[in-house]
Amino acid sequence: MSTMLEQELKAIEEAAETIDAALPRADIAIVLGSGLGPLAENIEEAHTISYQDIPHFPVPTVISHSGTFISGKIGGAKVYALSGRFHYYEGHDPHTVILPMRVLHKLGCRKLILTNAAGGINPNFVPGDLMVIRDHINLAGYNPLRGEHADEWGPRFPDMSNMYDAHYRELAHSVAAELGLTLQEGVYCGLSGPTFETPAEIKMLSILGADAVGMSTVPEALAACQMGMHLLAISCITNMAAGISKHPLTHQEVMETSKMVEKHFSALIKEIVTKM
Ligand code: HPA
């Protein structure tokens, strides 16, 4: 009988081996959030493998998350792009949510860009803004690092004081300035979803210091930080959060705004990865 940890390490290894056999290795990984999948079309010399063909990877259930692991080039940089992520609200257990991060680490990838769609809480934001995440608040109700620990992942009690790499944040701002794009910066609060928040919750999050709110990214960021990966995270503010927005929130609006911003977002990411 193998332990849970042995099974988990075996799953990570089997997934990594399958990806390695199908795709060339890359230095930078980009996780594409809701509606941001079209960035994948900017990848040259793309090789792909479907999540269905990667052992232990579930198939995403969210419309707009295609479930494709890609390797190719953006402006000369070798990148993996993950079109589709696993959310806790889909019913996945926390270790499955961070499985792709464990696998990327196993593949030797040490640079990571996480992207997401988020609701804007900061009153200076408007839908369509991009926001570099400076820090986060984890209110998802769980920590994905709970459970048996493998030393190869890094420390049991990881320091989180510099998880969003300051140099990458500076780089993102300088690239945005060159491109003439507005780039906000702020604190992202991660909740479990799948409901959007109540107006009272958004008021609370505002008092707590959150600038944006979403249902992803935090677990992956925690795992990446533990494993010593250099991390940049960017939110697309697809809507103003509940109570700030005057109309009911829908996934449709999230999709429409991210589609609108896609060109700017792609241009920004392209320049960033060439300089990372
Ligand atoms: N709340 C939570 N997650 C989201 C939102 C929101 O308003 N918009 C996009 N993802």
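Located above this text is the structure these notes cover.
Described in the following lines is the structure provided in the data block. Quick caveat: nothing in here was measured; it's all calculated off a predicted structure. (Residues numbered from 1 in each chain as written. Predicted model: local features only at pLDDT ≥ 70, side-chain atom pairs only at ≥ 80, totals over all residues. Heavy atoms only, no water.)

Here we look at the side chain of Asn 122
Using the following cut-off: Only DSSP runs of H or I covering at least 4 residues are called helices, and only runs of E covering at least 2 are called strands; the numbering of each starts at the N terminus. For each residue, the accessible area found with a 1.4 Å probe, counting protein chains only, is set against the maximum for its type, and the residue is called buried under 20%, exposed over 50%, and partly exposed in between. Distance and chemistry together define a polar contact, namely a pair of N or O atoms within 3.5 Å, with one atom able to donate a hydrogen and the other to accept it when in protein, and with adjacent residues in sequence counting only for side-chain atoms on both sides.
For Asn 122, the location among the structural elements is in the loop between β5 (111-120) and β6 (130-138). In this structure Asn 122 comes out as buried when scored by relative accessible area, which is 16%. At 2.8 Å, the side chain of Asn 122 forms a polar contact with the backbone nitrogen of Asn 124.

Considerations on the pairing of strand β4 (residues 77-83)
To be explicit about the condition: Strand pairing is assigned whenever DSSP detects at least two bridges linking the two strands.
Burial of β4 is extensive: 6 of the 7 residues sit out of reach of the surface. Two successive antiparallel strands, strand β3 (residues 68-74) and β4, enclose a turn made up of 2 residues, where Gly 75 displays a positive phi of approximately 50 degrees.

Comments concerning the packing of aromatic side chains
Condition: Working definition: rings of Phe, Tyr and Trp (its six-membered ring) pair if their centres are within 6.5 Å, and the pair is stacked with planes under 30 degrees apart, edge-to-face with planes over 60 apart, and tilted otherwise.
Counted by the stated rule, this structure contains 6 aromatic pairs. Look at Phe 57 and Phe 69: their rings are 6.4 Å apart centre to centre, the planes differ by 55 degrees, and that puts the pair in the tilted class. Placement of Phe 57 in the loop between β2 (44-50) and β3 and of Phe 69 in strand β3 is noted, with a sequence separation of 12 residues between them. An identical accessibility class is assigned to Phe 57 and Phe 69; each is buried. Centre to centre, the rings of Phe 69 and Tyr 80 are 5.4 Å apart; their planes meet at 75 degrees, and the pair counts as edge-to-face. Taken together, the residues span a long stretch of sequence, with Phe 69 in strand β3 and Tyr 80 in strand β4 at a distance of 11 residues. The residues Phe 69 and Tyr 80 share a single accessibility class, namely buried. Through a chain of ring-to-ring contacts, three or more aromatic side chains come together here, namely Tyr 51, Phe 57, Phe 69, Tyr 80 and Phe 86.

Examining the packing of helix α4 (residues 166-179) against helix α7 (residues 251-275)
A pair of packed helices is characterised by two quantities: the angle between their axes and the separation of those axes. Heads up, the rule is: Axis definition: a line fitted to C-alpha atoms, limited for helices to the stretch in contact. Angles are taken between N-to-C directions and run from 0 to 180 degrees. Any angle that is under 35 degrees is reported as roughly parallel, and any over 145 degrees as roughly antiparallel; angles of 65 to 115 degrees are reported as roughly perpendicular and all others as oblique. Crossings are assigned a handedness: left-handed for a near helix turned anticlockwise from the far helix by less than a right angle, right-handed for a clockwise turn. It only takes one pair of heavy atoms within 4.5 Å for two residues to be counted as in contact.
It is the contact of α4 with α7, at a shortest axis distance of 9 Å, that shows an interaxial angle of 130 degrees. One way to sum up the angle between α4 and α7 is to call them oblique. In the crossing of α4 with α7, the sense of the turn from one axis to the other is right-handed. Touching Leu 171, Ala 172, Val 175, Ala 176, Glu 178 and Leu 179 of α4 are Ala 267, Leu 268, Glu 271, Ile 272 and Lys 275, all from α7.

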